[in-house]
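What the coordinates show
Here are the chains, one letter per residue:
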Amino acid sequence: MADDFSQSLTPPVSPSAAVIVCDLPPSEPPCFCCSDTKDDIARTLTADGYISRGVLKRLLLRLDPAPTDNESDIVELFGFPWVTEMALVDSTKLLFGLFRQKIYKLETLVQTSSRDFGQAGNLHYEAEDIKKQCVTFLQYIKVYLHRYFKPSSALEAGSSHYFEELEAQFPSALLEQLFGITLLIGHLKDLPANVQSAFNIQNQGKIFPPSWHLLHLHLDIHWSILEILHLLGLKMQGQVVYAHQFVNLTGENLTDTSLFEEHLCSLLCDLTGLAMGKYSKVRPTEALTIHHYPCSCIKELWILLIHLLEYRSKNLHAQVKVQVNVFFWNYMNSILRPLVSGKPASEQLTGIPTHCKDLLGFTWWLVTHIAVLGQYTCSGTIQTEQIIDNWILIEELLKITCNPKGTLAEEQIRMHVHCCLTMCMLWNPSTVAVSTLWDYYSKHLNGLFTVPWLGVSGLSMLCKSPLALLEQARSCCSPSPPHSPGHTQLYRTANSFHIFLRILALCLSQDRAGGLPQRQIKGRIYSKFSAKKMQELSETGLMNFLLLFIVVARQVELEDVAGRACELLSFLPSNCPPGHRTLVWRGQLALLLLFQERDLDVGAQASWLASSFNETAKEFYNKTTEMSRKLALWGPLGSYLEGVAEVFETSPSLSLSEEKLLNEGFDWLLPACRQSDLNSALGFLQTVLAQLRRVHHRNVHLASNLTWAPGNTSMGKERHLAVASALWVHFYPFLCGLRLSQTPPAQLAVAAAGFTLLAFDLPGTAPQDLQPHPVQSIMQSFGWDDMVHPFLVTRYLPHLLQNCEVVTSLSTGSSSISLSVRAWFRCVLQQHLHKNQDGTDNKTAFSNDHTSSGYMGDIFKHIKPSLVSKNQEALQFTYWAVGCIVKHWSPLLATSKAQQLLFRIVDGLLLPHNVTQQDKALRDSLPLYLQGLSVASNVSQSQGAYLKQQLRSVTQRYLDHFLPPSPSISAITNHPVLLSACESHPTPRGAALRRTILEVLCESFLQFKGYTPPPRLASVLMFLWELLRRNQDTDPVLLTLPLSAVLRSLMLVNEAQVKTTSTDALQLVVERCAAASAEGPCEQMITVLRCFCSPSSHPNLSLSLRNTERKRGLGRNTTLRSAYKKLLCILGESGQAEITSLEDD
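Quantities reported herein were computed from a predicted structural model and do not represent experimental measurements. By convention here, each chain's residues receive numbers from 1 onward along its written sequence. In view of the model being predicted, local features appear only for residues whose pLDDT reaches at least 70, and side-chain atom pairs are presented and counted only at 80 or more, with totals across whole chains, interfaces and linings using the full set of residues. Only hydrogens and water are set aside when side-chain values are computed; all heavy atoms of the structure are taken into account.

**Structural notes on the overall build of the chain**
Within the chain, the secondary structure is distributed over 54 helices and two strands. Each residue gets one of three labels from its accessible area relative to the maximum for its type: buried under 20%, exposed over 50%, partly exposed in between, using a 1.4 Å probe on protein chains only. Looking at the chain as a whole, 54% of its 1145 residues qualify as buried. The contact definition used throughout considers only heavy atoms, calling two residues in contact when any of these lie within 4.5 Å. Looking at the chain alone, contacts between residues at least 24 apart form 77% of all its contacts between residues at least 6 apart. Values of accessible area rely on a 1.4 Å probe in the Shrake-Rupley scheme; residue burial ignores everything except the protein chains shown. When the accessible area of the chain is evaluated, it comes to approximately 49500 Å², of which 53% is carbon and sulfur surface. Numbering of helices and strands runs from the N terminus, with a helix taken as a DSSP run of H or I at least four residues long and a strand as a DSSP run of E at least two residues long.

**Quick look at the packing of aromatic side chains**
Side-chain rings of Phe, Tyr and Trp (the six-membered ring for Trp) are treated as a pair once their centres are within 6.5 Å; stacked means planes under 30 degrees apart, edge-to-face means over 60, and tilted covers the remaining angles. Scanning the entire structure with this criterion turns up 50 aromatic pairs. Ring geometry for Y144 versus Y148: centroids 5.7 Å apart, planes at 50°, classification tilted. Across this residue pair, the class does not change: Y144 and Y148 are buried. With a centroid separation of 4.5 Å and an interplanar angle of 40°, the aromatic rings of F545 and F549 are classed as tilted. Separated by four residues within a single helix, F545 and F549 lie in helix α23 (residues 539-555), roughly one turn from each other. Assessed through its relative accessible area of 0%, F545 is described here as buried. Through a chain of ring-to-ring contacts, three or more aromatic side chains come together here, namely W438, Y440, Y441, F449, F497, F500, Y526, F529, F545 and F549.

**Quick notes on the pattern of salt bridges**
We define a salt bridge as a contact between a side-chain nitrogen of Lys or Arg and a carboxyl oxygen of Asp or Glu at a distance within 4 Å. Tallied over the full model, the rule gives 28 salt bridges. For D190, the salt bridge goes to K189, with nearest N and O atoms at 3.3 Å. A salt bridge links R994 to E983, with the nearest nitrogen and oxygen atoms 3.1 Å apart. On the criterion of sequence distance, the pair formed by R994 in helix α46 (residues 988-1004) and E983 in the loop between α45 (976-981) and α46 is long-range, its members being eleven residues apart. Linked through salt bridges whose partners overlap, the residues forming this network are E471, R474, R554 and E597.

**Quick notes on the packing of helix α32 (residues 748-761) against helix α34 (residues 790-801)**
Interhelical geometry of α32 versus α34 gives an angle of 35° and a closest axis separation of 8 Å. The two elements α32 and α34 cross, and the hand of that crossing is right-handed. Of the residues in α34, those touching α32 at L748, A749, V750, A752, A753, T756 and L757 are L792, R795, Y796, H799 and L800. Gly is placed with the polar residues, together with every amino acid not listed as nonpolar (Ala, Val, Leu, Ile, Met, Phe, Trp, Tyr, Cys and Pro) or charged (Asp, Glu, Lys and Arg). Looking at side-chain class alone, the contact of α32 with α34 contains nine nonpolar, two polar and one charged residues. Only the stretch in contact is used when fitting a helix axis, every axis being a line fitted to C-alpha atoms; angles between N-to-C directions are given from 0 to 180 degrees. Definitions for this section: a left-handed crossing has its near helix turned counterclockwise from the far helix by less than a right angle. A right-handed crossing has that turn clockwise.

**Some points on the pairing of strand β1 (residues 74-77)**
Judged from the four bridges that link them, β1 and strand β2 (residues 80-83) form a sheet pairing that is antiparallel. Paired with E76 across the strands is P81, a residue of β2. The turn joining β1 and β2, which pair antiparallel and follow one another in sequence, is formed by two residues; a positive phi near 55° is taken by F78. In this scheme, strands are said to pair when DSSP sees at least two bridges between them.

**As for unusual backbone geometry**
Of note, the amide linkage connecting Q771 to P772 takes the cis form, showing an omega dihedral of 5°. As for its position among the elements, P772 is in the loop between α32 and α33 (774-784). With phi around 55°, N70 is a residue other than glycine that occupies positive phi space. Within the element layout of this structure, N70 appears in the loop between α2 (55-60) and β1. Classification of N70 as buried rests on a relative accessible area of 17%. Even without a glycine there, the phi angle at R1016 is positive, about 55°.

**Quick notes on helix α21 (residues 516-527)**
Three or four residues apart is the spacing at which side chains of an α-helix point the same way, because the helix has 3.6 residues per turn. In this scheme, a helix's expected span is set at 1.5 Å multiplied by one less than its residue total. Between the first and last C-alpha of α21 there are 16 Å, a value that for twelve residues agrees with the 16 Å anticipated at 1.5 Å per step. Every buried residue belonging to α21 is among Q518, I521, K522, I525 and Y526, and all of these are buried. Along the axis of α21, the buried residues cluster in a sector spanning 135°; they form a single face. Contacts from the buried residues of α21 go to α16 (431-442), α20 (496-509), α23 and α24 (558-569). Relevant arc is that of directions from the helix axis to the C-beta atoms, nothing else.

**A few points about the environment of H307**
Checked against the element boundaries, H307 lands in helix α11 (residues 296-316). Exposure remark for H307: the relative accessible area of 10% places this residue in the buried category. Beyond its immediate sequence surroundings of up to four residues, H307 is in contact with L56, L60, Y376, T377 and C378. A polar atom in the side chain of H307 sits 2.7 Å from the backbone oxygen of Y376. For the purposes of these results, a polar contact is taken to be a pair of N or O atoms within 3.5 Å, where, inside protein, one atom must be able to donate a hydrogen and its partner to accept one; residues adjacent in sequence count only when each atom of the pair is a side-chain atom.

**What to know about the environment of L1103**
Along the chain, the position of L1103 falls in helix α52 (residues 1098-1112). Taking relative accessible area as the criterion, L1103 reaches 45% and is therefore assigned partly exposed. With 39 residues separating them in the primary sequence, L1103 and L1142 have C-alpha atoms 9.9 Å apart.

**Considerations on the environment of T84**
Tracing the backbone shows T84 in the loop between β2 and α3 (87-90). Taking relative accessible area as the criterion, T84 reaches 0% and is therefore assigned buried. Sequence separation between T84 and D73 is eleven residues, and the spatial gap between their C-alpha atoms is 5.4 Å. Of note is the side chain of T84, whose polar atom sits 2.9 Å from the backbone oxygen of S72.

**Some remarks on the side chain of R581**
Tracing the chain through its elements places R581 in helix α25 (residues 578-597). For the purpose of counting charges, residues Lys and Arg are taken to be positive, whereas Asp and Glu are taken to be negative. His and the chain ends are not included. There is no salt bridge for the buried R581, and the closest opposite charge comes from E619, which lies 4.2 Å off by N-O distance. Within polar-contact distance, the side chain of R581 engages the side chain of T616 at 3.0 Å. Once residues within four sequence positions are removed from consideration, R581 is found in contact with S574, N575, C576, T616, E619, L633 and P636.

**What about the confidence of the model for the chain?**
It should be kept in mind that the predicted coordinates are not to be read in detail where pLDDT is low. The predictor reports its confidence for every residue as pLDDT, a score running from 0 up to 100. The pLDDT averaged across the chain works out to 85; a share of 87% of its residues lies at or above 70. Low pLDDT, under 50, characterises residues 319-326; the stretch is placed with eleven contacts to residues that sit more than four places away or in other chains. Here residues 833-854 is modelled with pLDDT under 50, and outside its nearest four sequence neighbours on either side it reaches 48 contacts, counting other chains as well.

**Considering the packing of helix α38 (residues 859-868) against helix α39 (residues 872-888)**
The N-to-C vectors of α38 and α39 enclose an angle of 150°; their axes lie 8 Å apart at closest approach. The angle between α38 and α39 falls in the class roughly antiparallel. Judged by residue contacts, I859, I863, S866 and L867 of α38 engage A874, L875, T878, Y879, V882 and I885 from α39. Residues that form the contact of α38 with α39 fall into these classes: eight nonpolar, two polar and no charged. When an angle is under 35 degrees it counts as roughly parallel; over 145 it counts as roughly antiparallel; between 65 and 115 it counts as roughly perpendicular; any other value is oblique.

Below, the structure is given as structure tokens:
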């Protein structure tokens, strides 16, 4: 509609004004530019955009659009200077003509641009400059309307001034020009493909093609037209602006309001079309992670429209009683309803593409992402307070999704419900929406709700325990935040029913006080279940039923919901499948756990559950029940044990009637258990016993500290007595019946020990036949009786002897300890076919003098059969068992009362005339004997010297016996004498044994006869080197014991192996001694060297040093040379001469 004009138009001011304006640095106007947000368009807004620059906020607050711009008298537009306060009114057509020229020029650049990378930079900067000029002009229009335009002048009668006449016509002229621009730019969807493809351009050094700039200029124009029309309406104060020239030419009305409406509808349709194109590439699993905008500029445009329409609905339409933001959702609903209903849209809203195959899913997806954008404030921050909803449309969509005549699959329904959950978290949850969903799921409780192409992750898993079921309900009641991975990936981890439960929990949590919406929802849930409905439930349906009621119970009245659940579960037939019974008990136990969380008594629930368990256990025990039926019944019975164990383990006090879960059903169950089932039952018993004792100890501790609250602790003790009584009545008699079994279950000993400890803690709860000393009575039955299997005893006793309080109590009477030790010896030494090393090593509890005489004399009676037997396994076990006694009881064996037994052990087992038969047994267990003898010889007060002689005799004999004739790495490193002396960190006990071994080595294996070396010298030296190397001793006295013998070997023997090993040993001794005597020379080493060394020996020692360095291949050994020189310094002139020789190397 613009008049024709020439490109040679003259600016309305003199050229001198251009010089003035050029001195003013222009500010960058806000615009759509996503170059800085390409990497994360979902979470950021561009820094140069309308929101980040505060344009939207100033618009809504009716402030100056650009308070720091256009403040001078001259403004530069399109390269020309203009009078700021007059240009727009005086040259409206001219300026808009220049604006259109720039658009044409940019379009020409797009059409003529090539893929020549050499021109990419020039094209970018030229297109960027054009875009900037256009945006600057649009910004000027907004500033002019706010700052300079005064509509009142248009109303004054008799205005004769030319400019006043133009100003009066300006609103109409501006409206016509804006309408012309809308015709020029058209729809976003009508842009050429090469321009629309610019949405997908990745940032490459911020160099973009002209198409990218043209596309974003279109966005600027679309938004600016709406912003300008809004400002014009504000300025006109409600007066309608007509486009007079347009009306005269066409006869149709065109007002500012109608143009705003038409352009807004057109833009919303375009944005919806863009989103539809994006949705075609969205998988259901990605519905919440892939957004509806191709770049952050489109995201920002949506936010701008939301806030602008919210403001207009609140301020410009205050006379209409509507909610805030409903104006925006009215537009969107008008666009989206025809897509899902199939009805034609209004004339204003035509042009939306309908090529999408899933219009319902698209609508859910789009509304969800728009709702997320509603969280943004006009400043670009995300608000946490509740935002205005659009439940009107969502409830309509839910009716379509849940239509019983529909053909939607789980993969679609899951996405729709997932979107609904997102909006429940953003908006206030809707009771109508929950009711609609429940109407659907109440008819499909037996559904699997699986998505086949998701594989295992898409399957609905049955919870394996009550705690797992409660945890799943808890996760439904505590959904992850909307933007978290836990929420966006929920499609993969939860089916649609579980997502619905999250919606239900959110809705119920809004009204904790039990208000009308909460009661309505609970009533609708109850009303859907009847006896027939319950009997029709499959295992999956029953699991869904239980999870539903647990979720409701967590959110509302627990007792009421649990009671209703029990009432409904009673409708299940008595002969229901075992799988159903398993789920029912699991759900009931999960409710019990919930009662415990609330610190509520579980008596009523436990009684109902105990009755059902009792009936099932009777059927399990019945001799007429078929084996296949028993196998099936163990499923629910085993799950009952696991679930009750969880109830006890999670209870902090055991004061809520938990004992009712331990009922007469166990009297039927335990005798009928197979071996594997019995282990499970006994494991359950151990758990309950341990938890009862743990809670009782805590209660006693609290009672001692909280003397002001005796009532609570006494009540807790009464409950603990009730639990203990139930255990004694229903479990202990069965254990007593198993104690004489020749194949006792592995868990029997632990369970019996648990009862013993319970009798120790709560002696009054034990049955009358165990009184007045219940602990000793139980120990007689399971530990001291010679008829009890050794396997059971050796597992039973360690559990008691690890308890210091029990041992102290038993020690008050020597008979208890003596009986325990006798039983221990009998079982340990006779059960070589049932090794239990862990139990055998726990013997320190018996180390007290007054128990030594009564129980040790029987050792040889028990081991004699093994010693004369040719059974190597029995012989090895015997030597190992007695070796453990010698090692662990060495302080006890060194006393006067037990020394004779130790002498008999040494003479009978370690120093017999012939050890060929015992060779393997001795090799394995000899370290135990040597370590024990070493300790005994050092602590004995009466026979210490004799014991040391015995130790040296044993050491010498077996050092010789197991020493190879020639050096062998494997034989030496595994030598039992060497193994007995090795330890990772030196201790006084270990050092004492190593001193004995070194003394034996020096006296018996390293003595030269004149110049004749001792036999097997290479093997002995290798043993010595390994002994020194594998222990980190630093005592010079210990280290220098073999030094003289090593030096003699180095000097007198030319055998290569001897030279090498003696040199290594000498180096190790010298280095260790030097490190230990850092403050001065090592006196012990000096003494040895002075006794041994003569001037003639120095060259040999120096030669050995050089040979060692040559063998190492790393040049001089500075550490070794330094230590050697220190020694030579002490040896006088001959030593100094040798130092001079070394320095000449």
